[in-house]
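Results of the structural survey
Residues per chain, in single letters:
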Amino acid sequence: MKFLEAIWQDLRYGGRVIRHNPALSLTIVITVALGIGANATIFGVINAVLLEPLPYKDPDRLVRLWQSNPSQNQIESPVSAPNFLDWQTQQTAFEQLGALEFATFNLTGSGEPQRVGAARITPNLIPTLGVAPALGRSFSADEEKVVVLSDNLWRRQFGSDPTIVNKTIQLNGESFTVIGVMPAAFQFIGNRGLWLPLVIDPVKEPWRADRANRNFSVFGRLKPGFTLQQAIADMNTVAQRLEQQHSQANTGWGVRLSTFYDWIVPEQVRTSMLALFIGVDLLLLIACANVANLLLARATTRQQEMAMRAALGASPARLIRQLLIESLLLATLGGLLGLGLAFVATKMIASTNLQNIARLSESRIDGSVLVFTFVITTLTGLIFGLAPAWWSARVNLTNRLKDGIRREGTHRLRGVLVVTEVSMAAALLVATGLLVNMLVRLQSVPLGLTPGNVLTMQVSLPNSKYDQQQRVNFFQQVVEQFRSVPGVIDAAAIETSPTSGGNWTMEITPDGGEAVVSQLRTSAAAHAATPRYFQTMQIPFLKGRDFSAQYRFDQPLEFVVSESFAHRYWPNESAIGKRFRPGANNPFGTVVGVVGDVRTLDKQEDVLPAFYFPYGYIGMPGLVLVIRTSTQPQSFAAPLRAALRQLDAEQPVYNIRTMDEIVAGATSQQRFQATLSSLFAIVALLLVMIGIYSVMAYVVRQRRHEIGVRLAVGATTWSILRMVVLQGMRNVFIGLGLGLIGSLVLIRLMVLEVTASDLPVYLIVALLLIATALLACSLPAWSATKIDPATALRNE
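Residues numbered from 1 in each chain as written. Predicted model: local features only at pLDDT ≥ 70, side-chain atom pairs only at ≥ 80, totals over all residues. Heavy atoms only, no water.

Describing the overall build of the protein
- In terms of regular secondary structure, the protein is built from 24 helices and 23 strands.
- Looking at the protein residue by residue over its 796 residues, the buried ones come to 51%.
- Across the protein, every contact between residues at least 6 apart in sequence was considered, and the portion connecting residues at least 24 apart equals 81%.
- A total of about 35,200 Å² of accessible surface is found on the protein, and carbon and sulfur atoms cover 59% of it. (Helix = DSSP H or I, 4+ residues; strand = E, 2+ residues; numbered from the N terminus. Buried < 20%, exposed > 50% of the residue type's maximum accessible area, 1.4 Å probe, protein only. Contact = heavy atoms within 4.5 Å. Areas by Shrake-Rupley, 256 points an atom, 1.4 Å probe, with all protein chains shown as cover.)

Comments concerning the packing of helix α19 (residues 659-666) against helix α20 (residues 668-702)
- Where α19 contacts α20, the two axes come as close as 5 Å, and the packing angle between them is 65 degrees. Here α19 lies roughly perpendicular to α20, going by the angle between them. The segment α19 lies against α20, with A664, G665 and A666 engaging S668, Q670 and R671.
- Among the residues making up the contact of α19 with α20, the classes are represented as two nonpolar, three polar and one charged. (Axes fitted to C-alpha atoms, helices over the stretch in contact; angles between N-to-C directions. Parallel < 35°, antiparallel > 145°, perpendicular 65-115°, else oblique. Nonpolar A, V, L, I, M, F, W, Y, C, P; charged D, E, K, R; others polar.)

Notes on helix α6 (residues 228-245)
- For α6, which comprises 18 residues, the first-to-last C-alpha distance of 26 Å matches the rise-based estimate of 26 Å (1.5 Å per residue) to within 8%.
- Regarding α6, the residues found buried are A231, D234, M235, V238, A239 and L242. Viewed along the axis of α6, the buried residues span an arc of 140 degrees, placing them on a single side of the element. Away from its buried face by more than 90 degrees, α6 exposes Q229 and Q244. (Expected span 1.5 Å × (residues − 1). Arc of directions from axis to C-beta.)

Some points on the confidence of the model for the protein
- Taken residue by residue, the protein gives an average pLDDT of 83. The fraction at 70 or more is 88%.
- Ignoring residues within four places in sequence, the model shows residues 400-408, a span with pLDDT below 50, making ten contacts including any to other chains.
- Considering only residues more than four positions removed or in separate chains, one finds that residues 514-520, a stretch of pLDDT under 50, has seven contacts. (pLDDT = per-residue confidence, 0-100.)

Considerations on the packing of aromatic side chains
- Inspection of the entire model under this criterion finds 29 aromatic pairs.
- Summarising the aromatic geometry, the rings of F534 and Y612 are spaced 4.9 Å apart at their centres and angled 85 degrees between planes, so their arrangement reads as edge-to-face. Taken together, the residues span a long stretch of sequence, with F534 in helix α16 (residues 533-537) and Y612 in strand β21 (residues 610-614) at a distance of 78 residues.
- We classify Y612 as buried; its relative accessible area is 4%.
- Where W570 meets F580, the ring centres are 6.4 Å apart and the plane angle is 45 degrees; that geometry is what we call tilted. Residue W570 is located in the loop between α17 (563-569) and β19 (579-582), and its partner F580 is located in strand β19; the two are separated by ten residues in the primary sequence. Comparing W570 with F580, the two get one shared label, buried.
- Taken together through their ring pairs, the aromatic side chains of F559, F565, Y569, W570, F580, F611, F613 and Y617 make up a single cluster.
- The ring of W253 carries the charged tip of R214 above its face, separated from the ring centre by 3.7 Å. (Phe/Tyr/Trp six-rings, centres within 6.5 Å; stacked < 30°, edge-to-face > 60°. Lys NZ or Arg CZ within 6 Å of the ring centre and 35° of its normal.)

Brief notes about the pairing of β19
- Taking every second residue as pointing to the same face, the buried face of β19 carries F580 and P582, while none of R579 and R581 on the other face is buried.
- When strand β15 (residues 504-510) meets β19, the two strands line up antiparallel, connected through three bridges. The residue of β19 that forms the bridge with P510 is F580.
- In the sheet, β19 pairs with strand β20 (residues 589-595) via two bridges, with the strands oriented antiparallel. Residue pairing in the sheet places R579 in a bridge with T590 of β20.
- What sits between the antiparallel neighbours β19 and β20 is a turn of six residues, in which G583 has the positive phi angle 75 degrees. (Pairing = 2+ DSSP bridges.)

Overview of the packing of α20 against helix α23 (residues 759-784)
- Following both chains from N to C, one finds α20 and α23 inclined at 30 degrees, their axes separated by 9 Å at the closest point. Our classification of the angle between α20 and α23 gives roughly parallel. Considering only the axes of α20 and α23, their crossing is right-handed. Seen from α20, the contacting residues are L685, V688, M689, I692, Y693, M696, A697 and V700; seen from α23, they are L768, L769, T772, A773, L775, A776, C777, L779, P780, S783 and A784.
- Of the residues assigned to the contact of α20 with α23, the class counts are 17 nonpolar, two polar and no charged. (Left-handed = near helix turned anticlockwise from the far one by under 90°.)

Section: the side chain of S258
- By the secondary structure assignment, S258 is in strand β12 (residues 254-259).
- Beyond its immediate sequence surroundings of up to four residues, S258 is in contact with L62, V63, R64, W66 and W263.

What to know about the nonpolar core
- Y56, L129, F188, W195, F260, F680 and I692 are the most contacted members of the largest nonpolar core, which has 89 residues in total.
- The leading source of residues in this core is α20, at 14 residues.
- Beyond its immediate sequence surroundings of up to four residues, L129 is in contact with Y56, K57, L62, F186, F188, R221 and F260.
- Counting residues in hydrophobic clusters, the runner-up holds 44 residues, among them V478, V561, Y615 and L625. (Core = buried A, V, L, I, M, F, W, Y, C linked by side-chain atoms within 4.5 Å.)

What to know about the pairing of strand β8 (residues 168-171)
- By the alternation rule, side chains of β8 split into I169 and L171, which are all buried, and T168 and Q170, of which none is buried.
- Note: strand β4 (residues 94-108) against β8, two bridges, orientation antiparallel. If you follow T108 over to β8, its bridge partner there is Q170.
- Where β8 meets strand β9 (residues 174-181), four bridges bridge the pair, whose relative direction is antiparallel. Counted as the bridge partner of Q170 is S175 from β9.
- Hairpin connection between β8 and β9: a loop of two residues separates the two successive antiparallel strands, and N172 in this loop has a positive phi of roughly 55 degrees.

Right, here's the structure in full:
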């Protein structure tokens, strides 16, 4: 009981001390709040992205499967329908395998027509994942015209109608019966609003029988007791058997497996999160060193108080407890303010909608974050309060007035703290500089096209309303209509957004005999495009010409190939006039043009050889329209949408984005990490400046008598400036050297590679810290030159 009363007394006394020193207390609280707020924010992100369990039954047993052909740079490729069916019957490691393929549908009849992302799934996929619809049920094996809605689409488009089950909706002009609504937590494969049955019927859809037509995403649930390594061995056996049985399509193709956790949160994301967490930890330690310096400065003014309390019977342990309680009170106030900052920052991060960081939108301040914040707040108070408390409690009643001895001790300790925070700041600044430099290098990679002033939008025509020839005619009319809009320079269309990474790959067979075929059996990216696509995107023609303006089905097939494609297949001769066949079931066509390579930024990989063929040859339902404008492309969205609706008023337009936005999205994860790291580095730099300034201001106060004597005997202003600045810079240079060395360890933890182009980063960091330290030292040094010798000697 007496102990609790003593603690309460210390709390009350600590509160009075804080209240009577408002400027110092506010500085400490804000400094601590910045460190703790940053830590709580990043932990909230890490908790949502890395630590929260996946919303599936036994997620550690879920596996993602791909086909893989490293020799063709196809590490994670979709799976063909025949291979998937063989996997199902021949594997022994999984309870079941499910598959899906992506689709989009025009949703009409319930408000404004819109295009909705969807997935066709095998009936067993939802049971494989171990989830169940929140309303209704899932598919049965023999159903086709049924649909399950996502929770988001159900709430947004149907007003959370509880009677939605068994109602019909219009998709691509056809009626589908709603049989269920998925739970809100079910965010699987991006933002999909619809889930429909995937019926694999090669009779109705002959392309399903082609093993080279790879477009299924496959998922499995391991049998109890089976490990991932056992499943890999089992699937490798199946792949080898299929390679022997179907050598034409499966030669070189194996299987790649990954746990759901590694698939949803890849190593690159985990490394980024670790780097950010290390950064905020360094920031918090710098804040602790800074606050410890401030408290040491105040401790020198409380020597008489501590001596008096010791004289009245307070033990060193009692004095340390009192001072630690004061530190914990300051840390608690800083923690509360930091938690408020973290709440705002976390909401901002959650709303950034970075597509390539799964579950980032679920970042929030929950119970786990509150517990974490409480722990680091307590540790922070102990860390920055321990050194001042220990130093202040070493009271010598006999020598308490011998300030020189005590001042020298605290000066050394404060110098050590400056060295510590400068070294940590240097390491943080170097790592941030490397991240920014990496982002700059990535963004400076030549794309092979000009993204400025280009607007993109997607249109998908329903098969129930448009046949193949009607689709070709429609898109031809659309691009002509767009070209007539004032301010539009040119317009065209392609099957996927340039640089988006959604490559459709096909195996290439050059026309040259079996010897050539066996040597060059490789894949290339395929693109269906309309005439003038290359002019619209400003992809340079190196040789030859564009497609015929009015391509007809009865014309010979034409190809435009990329520079790397031409070099791969005809390295020492012109590609113009050469012939090849894409896939096993398509006719041979003739190369009529060679264009520059276009880089795919999403995968940040080497350029994949590509070929383009006329859209009219295949007439697929959906295309991406690309429009080059004379001014800001965003302003053309409304008139272009109006021009399209003149052709079909019920046709929705979706994914309206500029090419600049698409290119920026390819590096969004790197920009996210670099932006947060830069903010932390700026705060660290400010804290270092405050820390050095506080130390030097304290040094000048303690040396007023000495400086007064120097000035009285004729010392110049320059000599006083040099003396004070050199004293401060000595610790800075030591800390800078240690920090640059320590940055090597941090870089290794962050898995960053240092190249020759990164060497200027070290020089910039060194100059920045030196300039910051010079400014922080110069202000107290200049005030030292204004000391009146007579006043300093009289006060002493």
